[in-house]
Amino acid sequence: MCKCMSVCCLFVFSEDQILLSDCASSLAVQAYLRMCNLPVHVSCRSNAEYMSPSGKVPFVHVGNQVVSELGPIVQFTKAKGHSLSDGLDDVQRAEMKAYMELVNNMLLTAELYIQWCDDTTATEISRPRYSSPYSWPLNQILAYQKQWEVRRKMNAIGWAGKSLEQVYEDVSQCCQALSQRLGTQPYFFNKQPTELDALVFGHLFTILTTRLTSDELGEKIKSYSNLLAFCRRIEQSYFEDSQAGSSSRGYSKGPSLF
Amino acid sequence: MAAPLELYCWKGDWGLPSVDTDCLTVLAYAKFAGAPLKVHKITNPWRSPTGTLPALKTTEESTRSLSKPSNIIIHLRKQKYNADYDLSAKEGADTLAFVSLLEEKLLPALIYTQWVDSKNYVDVTRRWYAENIPFPLNFLLPNRIHNQQLERLRLVRGDPTLEPGEQLEKELYQDALECMTLLSQRLGSHKFFFGDSPSSLDAYVFGHLAPLLKVKLPNGKLQQHLNSLDNLRHYCTNILILYFPSEAVTPTVSVHSDSSDFDSEPHKRRKQILSVLFAMGSMLGYAILMGIVSIQHVRPQAALVGPRHIEEGGEEEEEE
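Analysis parameters
- For every chain, the first residue of its written sequence is number 1, and the numbers climb from 1 along that sequence.
- Written order decides the labels, with chains lettered from A and ligands numbered from 1.
- In keeping with the model being predicted, local features are shown solely for residues with a pLDDT of at least 70 and side-chain atom pairs are shown and tallied solely at 80 or more, while totals for entire chains, interfaces and linings include all residues.
- With hydrogens and water stripped out, all remaining heavy atoms of the structure feed into the side-chain values.
- Helix and strand definitions here come from DSSP, where helices need a minimum of 4 consecutive H or I residues and strands a minimum of 2 consecutive E residues; each element is numbered from the N-terminal end.
- The rule is simple: take the accessible area with a 1.4 Å probe, protein chains only, and divide by the maximum for that residue type; under 20% is buried, over 50% is exposed, in between is partly exposed.
- Between two residues, a contact is recorded if the distance between any of their heavy atoms is within 4.5 Å.
- Accessibility throughout is a Shrake-Rupley quantity obtained with a 1.4 Å probe, and a residue counts as covered only by protein chains that appear here.
- Within this document, salt bridges are pairs made up of a side-chain nitrogen of Lys or Arg and a carboxyl oxygen of Asp or Glu, the two lying within 4 Å of each other.
- UniProt positions are given in the numbering used here, feature names are shortened, and annotations may be inferred rather than shown by experiment.
- To obtain an axis, a line is fitted to C-alpha atoms, over the contacting stretch when the element is a helix, and the angle between two such axes runs from 0 to 180 degrees between their N-to-C directions.
- Should the near helix be turned anticlockwise from the far one by less than a right angle, the crossing is left-handed, and should it be turned clockwise, the crossing is right-handed.
- All amino acids are sorted into three groups, where Ala, Val, Leu, Ile, Met, Phe, Trp, Tyr, Cys and Pro are nonpolar, Asp, Glu, Lys and Arg are charged, and the leftover types, Gly among them, are polar.
- For two strands to count as paired, DSSP must find a minimum of two bridges between them.
- To estimate how far a helix should extend, the number of its residues minus one is multiplied by 1.5 Å.

Visitor: Would you explain the overall build of chain B in this entry?
Guide: Regarding its fold elements, chain B presents 12 helices and three strands. Looking at chain B as a whole, 44% of its 320 residues qualify as buried. Of the contacts formed within chain B by residues at least 6 apart in sequence, a portion of 70% connects residues at least 24 apart. Accessible surface computed for chain B: about 17,900 Å², of which carbon and sulfur atoms make up 55%.

So this is what it looks like as structure tokens:
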């Protein structure tokens, strides 16, 4: 029984501006809210990042509350009585949280690395897209500021010394771990999806449908057939109504970065 | 068999083989995998081959020395010292996941409680590092590490204006307490995380929890929570007793005459006395040379008689 909720308003960047990592995060939140059967309306704003309480997109605006990022949003909806992980026992809940951190630690960091620390991608894709709503000289300043901030973060957590090949290798390892955990089940836990499924779907689907300077990232994921089937299953179950004739086009949801 | 690998790591204290989380992780993994390591326990990171600790010196020319724990463990695995040999594929995946959980949820709180929380930092961390790092680095390094860790927290949280305080402490500790509870639930009543023999995940968990358990900090909320989780507490003490029995015996700060020649504690008194004597001797010498102080053997009246004595002496010589 829906206790509260006026329609949630999800704020993201506009299609021309959004980058891989933000798109993945917002798709994860959308998937989660759809899994909870909560109506959600997506709004695109170029200054979504600054509107967010934590500085990260996406964030939801419900009633008079603003909550950003998947973790706090899950807790918020849980407090309102909607939860996907109630049926899990303690060990399973520990595993679920651990795998969510695995995705955040490896996949999300790898996405940020590829976007901002790889010079080709940063110059051709990330900087132009990030600064597209602004005019000169603000666009140059903001783009370089963001790039510099991400590079410093990579330095602090020890990713600065990695080569692109090593990052691809890390993504492959992460996918292998997810594939092992998923096995032949329809979802990660029991027969019902949880927030882990939403998060994994968000990231994998975005990587598969986004064109970057090279296809290697997508290829790494495609080598695991159960992950592909998993993405297709969630897309068909929860996103079919919003796409007209998408099955013929295959994976067309989500912006491509070209 | 290749020549034994050399590992440089921080010195130990409070009953631990090393005070640093990464060093503990590597040491524990080496014990679990049975890797013969020559361990150099030092207190000067600049003496290590990579400039940071821990550092593994490899004998191959193709690989430089390794410093991150994950790189060191991978290298040991390649040398056939593999503590994860018996793990199934799913358990291997779980290892990756739980290590990520540790790094994302527990590590920021550990960094905060040791290096950023003002009372803990000043009373315990800075004091220990300043006492144990040799001169003159002991004036530079603790502060430098403190600034680096604060910067790291700021970047990881994405907030450049972050300041140590109650709000930040509350958020970080909440995540860390939840993480420890999850680990406790996953461990249950087993001896190790996967069966009866330890694996790399056990090394990581031990490396993160053992300093929290043993180092006595004034602001010890995380410690209290860890102590309330009985199975985790027994787990850590169990590993210490089984794999590091020599360290577990010495609970207080004791004087080690290890291969390390940077221990200055027993020589502190001698150095103090020597330096005072040296200072006094040099001051006295300077004073005498400049004539500020002079030692006179001649009586004041004898100055008048002086030349005659000499003349007489001279005449006597001439006569003889």
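Visitor: It is not clear to me how the pattern of salt bridges should be interpreted in this structure. Could you clarify?
Guide: Between side chains of opposite charge, a pair can form when the charged atoms approach closely. Taken as a whole, this structure holds 18 salt bridges over all chains when the rule is applied. Here B:Lys105 ties to A:Glu101 by a salt bridge, and the two come within 3.7 Å at their closest N and O atoms. Here A:Glu101 lies in helix H4 (residues 90–116) and B:Lys105 lies in helix H3 (residues 89–116), a pairing that spans two chains. For the salt bridge of B:Lys105 with B:Asp175, the shortest nitrogen-to-oxygen distance reads 3.7 Å. Residue B:Lys105 is found in helix H3, and its partner B:Asp175 is found in helix H6 (residues 166–187); the two are separated by 70 residues along the sequence. What makes B:Lys105 partly exposed here is its relative accessible area of 22%. Through salt bridges that share partners, A:Glu95, A:Arg181, B:Lys90, B:Asp94 and B:Arg186 make up one connected network.

Visitor: For this particular structure, what's the right way to read the UniProt feature "domain: Metaxin glutathione S-transferase" (unreviewed entry) in chain B?
Guide: Within the UniProt annotation, "domain: Metaxin glutathione S-transferase" (unreviewed entry) is assigned to residues 178–239 of chain B. End C-alpha to end C-alpha, residues 178–239 of chain B measures 23 Å, and it is 69% helix and 0% strand.

Visitor: Got a minute to help me understand the packing of H3(B) against H6(B) in this structure?
Guide: The packing of two helices is summarised by the inter-axis angle and the distance between the axes. All names here are of chain B. Between H3 and H6, whose axes approach to 8 Å, the crossing angle comes to 145 degrees. Note that H3 runs across H6; the crossing there is left-handed. Taking contact as the criterion, the partners of Asp94, Phe98, Leu101, Leu102, Lys105, Leu106, Pro108, Ala109, Tyr112 and Thr113 in H3 are, on H6, Leu168, Glu169, Leu172, Tyr173, Asp175, Ala176, Cys179, Met180, Leu182, Leu183 and Arg186. A per-class count over the contact of H3 with H6 returns 15 nonpolar, one polar and five charged.

Visitor: Hey, could you run me through the sheet that holds strand S3 (residues 55–57) of chain B in this one?
Guide: Backbone-to-backbone hydrogen bonds pair the strands of a sheet. The strands run either parallel or antiparallel. All names here are of chain B. Here three strands make up an open sheet; going across it, the order is S2-S1-S3 and the pairing mixed. Because the sheet does not close on itself, it has two edges, and the strands there are strand S2 (37–42) and S3. The mean angle between the axes of side-by-side strands here comes to 25 degrees, regardless of whether they run parallel or antiparallel. In the sheet, strand S1 (residues 5–10) pairs with S2 via six bridges, with the strands oriented parallel. By the bridge assignment for S2, tryptophan 10 is matched with isoleucine 42. On the sheet, helix H1 (residues 21–33) packs against S1 and S2 and is oriented at approximately 145 degrees with respect to S1.

Visitor: How should I be thinking about helix H11 (residues 268–290) of chain B in this particular structure?
Guide: Each full turn of the α-helix corresponds to 3.6 residues, which orients residues three or four apart in the same direction. Residues and elements named next belong to chain B. Helix length check: H11, at 23 residues, gives a terminal C-alpha distance of 33 Å against a target of 33 Å (1.5 Å per residue), a fit within 8%. Burial analysis of H11 places just one of its 23 residues in the buried class, a small minority of the element. Two residues or fewer past H11, glycine 291 is found with a positive phi of approximately 85 degrees.

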